[in-house]
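Structural characterization, general
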Amino acid sequence: MISGDIGAARRADAYRQFAGLPKAHLHVHLEAAMREATLRQWCMEDGIEVPPLVDYVDFTAFLDAYGLLIGLLRTPARVERLLDEVIADAAAQGVVALEFASIPEKSVAFGSAEEALEFILPAAADAGRRHGVWTGAIVSIDRGAGPDHALDAARLAARFADRGVVAVGLVADERDSPVAAAAKAFAIARDAGLGVVPHAGELAGPDEVRSAIELGVDRIQHGVRAVEDPRVLDLLAERGICLDVCPTSNVVLDVYPSLEAHPLPDLLEVGVRCSLGADDPLLFGVDVVNEYVHAHERMGVSAAVLVEVARASIESSFAPAEVKRDALARLVEV
Ligand code: ADE
Ligand code: ZN
């Protein structure tokens, strides 16, 4: 066997090892979890060029690529196929609980955001039953869309609180709008019994993570730049707030220069709970299992600590108690 083959065989072994770990995938944007073959087929059918993947000149170029994926979802049949494929892929990755984020207001296949959720939630639950994955939806508030949108999105999420929506999120460019601007929307979500899981501490620094903590959030998507302020790290560790960390996303979007320079090991070392996620799998060329492999092979996180990461993901999810209990019982056997 030549050395390249040995490397490939070792990587395949590592992939199998971490795919076998029961885990929750808590940070993934639905449209950007589209399979590449599906993207190519739909672009061909619609007569549009396949967008460049994994290489973006800046965050705006990345958001443009994301927007193109949303635009491809122009019929309910495509949305249904997307959900089925994303949830089937999750099952193959050892995901027992999948919390997928999307912005229903941007859905072009339906007449309204309400109609979008009325379709998406039962379709996701149905695919979840077929593939053996519990699913919950996170309604994302788009930072770029203004305060009225934030309140509308939170009210919309609240109306679907007992039908599959589990939380509200906050996405797009942090530098445009601080997390505190969404305080009122978060309060609406919380009053409806929903979780609050904003993106913070990705493009902006640790003060945004502190603000999120002060707003009483349940988890933080990314949050990695907390590492720049030990007091913020202490707060995260004391309160057990889980960061949904996506290393490859942070490298592709230039938050860190390489996986080797990523602060995941430091966060874990000081006792901050972390889950691993792929964020936008198609746009970053990774799935959640790849991120476990990266953490192990390129960031020096031990397999035993990665079992604890999987445990944190399950415990920090909004999945029902029985789903968590079964997954945690299986984790002990790994
Ligand atoms: N939407 C999708 N991916 C995102 C990211 N990494 N940061 C902010 N918003 C996003
Ligand atoms: Zn994200």
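Fair warning: this is a prediction, and the values are worked out from it, not measured in the lab.

Bringing unusual backbone geometry into the picture now. One non-glycine residue, Ala172, lies in positive phi territory at about 80°. With respect to the secondary-structure elements, Ala172 resides in the loop between β4 (165–171) and α7 (183–191). Phi angles above zero are rare outside glycine, and Asp279 is one such case at about 65°. Within the element layout of this structure, Asp279 appears in the loop between β8 (274–276) and α12 (281–284). Of the residues examined, Asp279 reaches a relative accessible area of 3% and is grouped as buried.

Applying the stated rule across the entire model yields 24 salt bridges. When the shortest N-O distance is used, the salt bridge between Arg74 and Asp46 registers 2.7 Å. Pair noted here: Arg74 is in the loop between α3 (59–72) and α4 (76–92) and Asp46 is in helix α2 (residues 36–46), with a separation of 28 residues, a long-range link. When its relative accessible area of 42% is taken as the criterion, Arg74 is described as partly exposed. Judged by its relative accessible area of 24%, Asp46 is partly exposed. Taken together, the salt bridges that share partners define one network made up of Arg35, Arg81, Glu85 and Asp89.

What follows covers the packing of aromatic side chains. Inspection of the entire model under this criterion finds five aromatic pairs. On the numbers, 5.7 Å between centres and 70° between planes, the contact of Tyr56 with Phe62 is edge-to-face. For the residue pair Tyr56 and Phe62, the accessibility class agrees, reading buried in each case. Residues Phe59 and Phe62 carry aromatic rings whose centres are separated by 5.4 Å and whose planes lie at 50° to one another, so their mutual orientation is tilted. Of the two residues, Phe59 and Phe62 are both situated in helix α3; the distance of three residues between them amounts to about one turn of the helix. Using a relative accessible area of 5% as the deciding quantity, one classes Phe62 as buried. Counting every residue linked through ring pairs, the aromatic cluster contains Tyr56, Phe59, Phe62 and Phe284. Residue placement shows Lys23 over the ring face of Tyr292; its charged tip is 5.5 Å from the ring centre.

Across the interface, helix α8 (residues 206–214) lies against helix α9 (residues 230–239) with an axial gap of 9 Å and an inter-helix angle of 30°. For the element pair α8 and α9, the recorded crossing hand is left-handed. The segment α8 lies against α9, with Pro206, Val209, Arg210 and Ile213 engaging Arg231, Val232, Leu235, Leu236 and Arg239. Taken together, the residues that form the contact of α8 with α9 break down as six nonpolar, no polar and three charged.

Residue position: Ser275 is located in strand β8. According to the relative accessible area criterion, Ser275 is buried, its value standing at 0%. Among the polar contacts made by the side chain of Ser275, one reaches the side chain of Asp244 at a distance of 2.8 Å. Those residues in contact with Ser275 that sit more than four places away from it in its chain are Leu26, Cys242, Leu243, Asp244, Val245, Val309 and Ser313.

Rules used in this analysis
Residues numbered from 1 in each chain as written. Chains lettered and ligands numbered in written order. Predicted model: local features only at pLDDT ≥ 70, side-chain atom pairs only at ≥ 80, totals over all residues. Heavy atoms only, no water. Helix = DSSP H or I, 4+ residues; strand = E, 2+ residues; numbered from the N terminus. Buried < 20%, exposed > 50% of the residue type's maximum accessible area, 1.4 Å probe, protein only. Salt bridge = Lys/Arg side-chain N within 4 Å of Asp/Glu carboxyl O. Phe/Tyr/Trp six-rings, centres within 6.5 Å; stacked < 30°, edge-to-face > 60°. Lys NZ or Arg CZ within 6 Å of the ring centre and 35° of its normal. Axes fitted to C-alpha atoms, helices over the stretch in contact; angles between N-to-C directions. Left-handed = near helix turned anticlockwise from the far one by under 90°. Contact = heavy atoms within 4.5 Å. Nonpolar A, V, L, I, M, F, W, Y, C, P; charged D, E, K, R; others polar. Polar contact = N/O pair within 3.5 Å; in protein donor to acceptor, adjacent residues only side chain to side chain.

So yeah, pure geometry; function would need other evidence.
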